[in-house]
Amino acid sequence: MGFFKKLLIGKVDENYKPKYNPIDRRILNIRSIWNNDHQDDNGIEKIFRLFLSISQLCFPGIYVKTLASKINYAYKDLAMDCYILIKTFFPILILMNHWQDHKILIWLLVYLILETILYIPTLIFASDLFARPRSYKRSMLLLFFNYLEVVISFGVFYTLGNNTNIPFGHWSDAVYFSLMTTNTIGFGDYHPITTYGKFLACVQAMFFLSFVILFLNFFSTKVKSKGYFDNENKDI
């Protein structure tokens, strides 16, 4: 038991109890943006930052983190690791088991991927009162799994109908096409032929620019520093 605890939990003070849980901190962040505590933004910028900050309350991630924190603060990061891995493997299960006809699963997939897509710009544009992560390298690794989640999820979306010039012979073909589209390579063996397919390809190409280039450039420059926010906030 001690082996797995040391492996999965690491060095964490189990008796440490932060003043604010993740939900309370998110609410404080919304208030901070509304009151212009850290930036003198207004108009469309402020509306956008408020939207991003509020949107996180609409998805399970923050509640998973809060529940784990209430059980034991040391389990917060482990709970999020498991949650992100589940989100990554969920679209793989849909593809492997041909569950595309189950509309509930598809809508659930859309809901989960929206959380990921909105989370990245939230970190960049609405991080007024975010706590410093325990490990930047861990954050980068989780970002990679977020990227895989989106790539595989789009692979599922491409299989919802005959959207390519050649039908996918295997579920891995859909992931391959999604990955090539995300990286804007386009070998030409597959290409979208429907309006829906072309729309997905455009959204995915834009996702690559915003999610990978912008966020990696933003994040990687901060890995060697103490924190990636101007005003580092440890849990109070």
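Computed from a predicted model, the values in this text were never measured in an experiment. (Residues numbered from 1 in each chain as written. Predicted model: local features only at pLDDT ≥ 70, side-chain atom pairs only at ≥ 80, totals over all residues. Heavy atoms only, no water.)

(A) Representation of the overall build of the protein chain. A count of helical and extended segments in the protein chain gives nine helices and zero strands. N-terminal to C-terminal, the α/β element order of the protein chain is α-α-α-α-α-α-α-α-α. Out of the 236 residues belonging to the protein chain, those deemed buried represent 42%. Partitioning the intrachain contacts of the protein chain with sequence separation of at least 6 by distance along the chain shows that 73% fall at a separation of at least 24. Only carbon and sulfur atoms are counted for the fraction: they give 66% of the accessible area of the protein chain, which is about 13,700 Å². (Helix = DSSP H or I, 4+ residues; strand = E, 2+ residues; numbered from the N terminus. Buried < 20%, exposed > 50% of the residue type's maximum accessible area, 1.4 Å probe, protein only. Contact = heavy atoms within 4.5 Å. Areas by Shrake-Rupley, 256 points an atom, 1.4 Å probe, with all protein chains shown as cover.)

(B) Here's a closer look at the side chain of Ser53. Positionally, Ser53 belongs in helix H3 (residues 43–55). With sequence-adjacent residues up to four places away left out, Ser53 is seen in contact with Arg26, Asn29, Ile30, Ile33, Thr122 and Ala126.

(C) Looking closely at the environment of Asp101. Inspection of the secondary structure assignment puts Asp101 in the loop between helix H5 (76–96) and helix H6 (103–125). In the structure, Asp101 is positioned 59 residues away from Leu160 in sequence and 8.3 Å away in space, judged by C-alpha atoms.

(D) Quick peek at the UniProt feature "transmembrane region" (unreviewed entry) in the protein chain. Per the UniProt record, the feature "transmembrane region" (unreviewed entry) sits at residues 47–66, 78–99, 105–127, 139–160 and 196–219. In residues 78–99, the share of helix is 86% and the share of strand is 0%. The end C-alpha atoms are 29 Å apart. The span residues 139–160 carries 91% helix and 0% strand; its end-to-end C-alpha distance comes to 32 Å. (UniProt positions renumbered as here; feature names shortened; annotations may be inferred.)

(E) Spotlight on unusual backbone geometry. Unlike most non-glycine residues, Asn36 shows phi in positive territory, near 55 degrees. Mapping Asn36 onto the fold places it in the loop between helix H2 (22–34) and H3. On the basis of relative accessible area, Asn36 is assigned to the partly exposed category, the value being 24%. Although it is not a glycine, His98 sits at a positive phi angle of roughly 55 degrees.

(F) Representation of the packing of aromatic side chains within the structure. Under the criterion given, the structure shown has nine aromatic pairs. Ring centres 4.7 Å apart and planes at 70 degrees place the aromatic pair Tyr158 and Phe177 in the edge-to-face group. Of this pair, Tyr158 sits in helix H7 (residues 136–158) while Phe177 sits in helix H8 (residues 171–182); the two residues are 19 residues apart in sequence, bridging distant segments of the chain. We classify Tyr158 as buried; its relative accessible area is 1%. The buried category is assigned to Phe177, whose relative accessible area is 5%. Here Tyr176 and Tyr190 contribute two aromatic rings whose centre-to-centre distance is 6.3 Å and whose plane-to-plane angle is 65 degrees, an arrangement assigned as edge-to-face. Here Tyr190 lies in the loop between H8 and helix H9 (195–220) and Tyr176 lies in helix H8, a separation of 14 residues in the sequence. Tyr176 sits in the partly exposed class, given a relative accessible area of 29%. Among the aromatic residues, ring-to-ring pairing joins Tyr158, Phe168, Tyr176, Phe177 and Tyr190 into one connected group. The side chain of Lys46 reaches across the aromatic face of Trp34, ending 5.2 Å from its centre. (Phe/Tyr/Trp six-rings, centres within 6.5 Å; stacked < 30°, edge-to-face > 60°. Lys NZ or Arg CZ within 6 Å of the ring centre and 35° of its normal.)

(G) Molecular detail of the packing of H7 against H8. For the pair H7 and H8, interaxial distance at closest approach is 8 Å and the crossing angle is 120 degrees. Relative to H8, the element H7 lies oblique. Pair H7 / H8 crosses with right-handed handedness. Residues Tyr147, Val151, Ile152, Phe154, Gly155 and Tyr158 of H7 form the contact with H8, whose participating residues are Ala174, Val175, Phe177, Ser178, Leu179, Thr181 and Thr182. Here the residues of the contact of H7 with H8 sort into nine nonpolar, four polar and no charged. (Axes fitted to C-alpha atoms, helices over the stretch in contact; angles between N-to-C directions. Parallel < 35°, antiparallel > 145°, perpendicular 65-115°, else oblique. Left-handed = near helix turned anticlockwise from the far one by under 90°. Nonpolar A, V, L, I, M, F, W, Y, C, P; charged D, E, K, R; others polar.)

(H) Molecular detail of a nonpolar patch on the surface. Taken together, the side chains of Phe3, Phe4, Leu7 and Leu8 make up a nonpolar region of the molecular surface, amounting to roughly 470 Å² of accessible area. Tracing the sequence through the fold places Phe3 in helix H1 (residues 2–8). A relative accessible area of 59% means that Phe3 is categorised as exposed. (Patch = residues over 30% accessible without salt bridge, like charges linked within 9 Å, V, L, I, M, F, W, Y side chains within 5 Å. Salt bridge = Lys/Arg side-chain N within 4 Å of Asp/Glu carboxyl O.)

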